[in-house]
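Structure assessment
These are the residues of each chain, in order.
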Amino acid sequence: METALPRAIHTGMQQSHFHEMGQRRFGSVNWGGVATLYYKEVMRSVKVPAQTFGAPVITALLFLFIFSYAFGASRPSIENIPFTEFLIPGLAMMALMQNAFACSSSSLLISKMMGITSDFLMPPLSPGELAVGFVGGATTRGIVVATCVIIGVWIFHTVEIKHPWAVVYFALGGSLMLGQMGLLAGIWSAKFDHLQSVTNFAIMPLTFLSGTFYPIHVLPPAGQAVSLSNPFFYLIDGFRYGFLGYHESDLLVGVTLIAAINITLWCLCYRALHSGWRLKT
């Protein structure tokens, strides 16, 4: 009894020491884990460059050809801005939004369908760190795709940037917004049909009814009211202002609205990842 007690104490001290030595410690943020998840998300896009970057450029050029060169003579200028110049920023922002949404939503859904959600749920990553990794990858893809579209269009038409701050702010705001929306859609979806329904009945209508191909002042009052209630309109209008110096809405309203929506979406993403809703099966 006398020898057993010291031995037990010694054994407990060894186990405690081993636990302390083997335990990984992080600061307030697991930077290595976040960087790894972000790198994984970016590489998903880089590994298929033709699909990720080439296809959006070709689609934008086709839109540009059809709406501008095919019957551009019948389209009057908008506030002394040629219709082609008016169209280019909208096409770039449209590609940005669609690709940011597709990146995060497909990543979450594929992980769920393949049963590999444990790959990012088991590591010591907080809900906020998970959101940063997924949304950061989507943001990067959206901005790179938009840049590729601008460069691709530049071959056929000169593009000028008049207000860089607006280009940067609305590009970041749009990619963050759609990346977070994609994250929530991917968590909610159980199969590709669910995700496709979100794309077809929400993302695409909001994109095409956002003033990408037309100024909203040509619409009847009811149509203008619908456009002004569409957050995608403020993204495209602000982004277009960065290139052309032309805008149809109050820029301060657009800046404030985009920031408020992104903060709200961040809270929803954090809550969904923290609860494990539709992820922990």
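In short, a report on the structure. Residues take numbers from 1 onward in each chain, read along the sequence in its written order. Reporting of local features is limited, given that this is a predicted model, to residues whose pLDDT is at least 70; pairs of side-chain atoms are given and counted only at 80 or more, and all residues count toward the totals for whole chains, interfaces and linings. Here the side-chain values reflect all heavy atoms present in the structure, with hydrogen atoms and water set aside.

Remarks on the overall build of the protein
- The numbering of helices and of strands both runs from the N terminus, where a helix is a DSSP run of H or I of at least 4 residues and a strand a run of E of at least 2. Looking only at helices and strands, one finds eleven helices and zero strands in the protein.
- For the exposure calls, accessible area comes from a 1.4 Å probe over protein chains only, and a residue counts as buried if that area is under 20% of its type's maximum, exposed if over 50%, partly exposed in between. Taking all 281 residues of the protein together, the buried fraction comes to 44%.
- Here, Shrake-Rupley sampling with a 1.4 Å probe gives the accessible areas, and only protein chains in the shown set may cover a residue. When the accessible surface of the protein is summed, it comes to about 14600 Å², and 68% of that surface belongs to carbon and sulfur atoms.

Focus on the packing of aromatic side chains
- For Phe, Tyr and Trp, rings pair up if their centres lie within 6.5 Å, where Trp contributes its six-membered ring, and each pair is then called stacked (planes under 30 degrees apart), edge-to-face (over 60) or tilted (otherwise). Within this structure, the stated rule accounts for ten aromatic pairs.
- For the pair Tyr-169 and Phe-170, a centre-to-centre distance of 5.2 Å together with 85° between the ring planes defines the contact as edge-to-face.
- The class of Phe-170 is buried, set by a relative accessible area of 1%.
- Here the aromatic residues Phe-63, Phe-208 and Phe-213 are joined through ring pairs into a cluster of three or more.

With respect to unusual backbone geometry
- Positioned with a positive phi, Glu-79 is a non-glycine residue whose angle comes to about 55°.
- Checked against the element boundaries, Glu-79 lands in the loop between helix 3 (49–70) and helix 4 (83–114).
- Phi is positive for Arg-278, close to 60°, though the residue is something other than glycine.

Observations regarding the nonpolar core
- Of all hydrophobic cores here, the largest spans 52 residues; its most connected members are Leu-91, Met-93, Met-97, Val-149, Leu-178, Leu-235 and Phe-239.
- Taken together, the elements giving at least two residues each to this core come down to helix 3, helix 4, helix 6 (127–154), helix 7 (164–188), helix 8 (192–208), helix 10 (231–244) and helix 11 (251–275).
- The criterion used for residue contact is that any of the two residues' heavy atoms lie within 4.5 Å. With near-sequence residues (within four places) excluded, Leu-91 lies in contact with Ala-60, Phe-63, Leu-64, Thr-212 and Phe-213.
- Listed in part, the 15 residues of the second largest apolar core include Val-34, Leu-130, Phe-134 and Ala-272. Residues grouped as a nonpolar core are buried Ala, Val, Leu, Ile, Met, Phe, Trp, Tyr and Cys residues, joined through side-chain atoms within 4.5 Å.

Digging into the environment of Phe-170
- Along the chain, Phe-170 falls in helix 7.
- Residues Phe-170 and Ile-258, 88 residues apart in the sequence, show an inter-C-alpha distance of 8.1 Å.
- If we ignore the near neighbours within four places in the chain, the residues touching Phe-170 are Met-93, Tyr-234, Leu-235, Gly-238, Phe-239, Gly-254, Val-255 and Ile-258.

Re the environment of Thr-264
- As for its position among the elements, Thr-264 is in helix 11.
- Assessed through its relative accessible area of 47%, Thr-264 is described here as partly exposed.
- Distance from Thr-264 to Met-177, taken between C-alpha atoms, is 9.8 Å for residues 87 residues apart in sequence.

Side note on the packing of helix 2 (residues 31–46) against helix 4
- Close contact between helix 2 and helix 4 brings their axes to 11 Å; oriented N to C, the two are set at 105°. On the basis of their axis angle, the class for helix 2 and helix 4 is roughly perpendicular. Residues Lys-40, Glu-41, Arg-44 and Ser-45 of helix 2 lie in contact with helix 4, whose contacting residues are Cys-103, Ser-106, Ser-107 and Ile-110.
- Classifying every residue of the contact of helix 2 with helix 4 gives two nonpolar, three polar and three charged. A fitted line through C-alpha atoms represents every axis, and for helices the fit uses only the stretch in contact; the resulting angles, taken between N-to-C directions, go from 0 to 180 degrees. Each angle is binned into one of four classes, with values under 35 degrees roughly parallel, values over 145 roughly antiparallel, values of 65 to 115 roughly perpendicular, and all other values oblique. When residue character is reported, Ala, Val, Leu, Ile, Met, Phe, Trp, Tyr, Cys and Pro are called nonpolar, Asp, Glu, Lys and Arg charged, and the others, Gly included, polar.

Brief notes about the packing of helix 7 against helix 11
- Contact geometry of helix 7 with helix 11 gives a least axis separation of 9 Å together with a crossing angle of 30°. It follows from the interaxial angle that helix 7 and helix 11 lie roughly parallel. Between helix 7 and helix 11 lies a crossing of left-handed hand. Residue-level contacts link Trp-165, Tyr-169, Phe-170, Gly-173, Leu-176, Met-177, Gln-180, Met-181, Leu-183, Leu-184 and Ile-187 of helix 7 to Gly-254, Val-255, Ile-258, Ala-259, Ile-261, Asn-262, Leu-265, Trp-266, Leu-268, Cys-269, Ala-272 and Leu-273 of helix 11. By convention the crossing between two helices is left-handed if the near helix lies anticlockwise of the far one by an angle smaller than a right angle, and right-handed if it lies clockwise.

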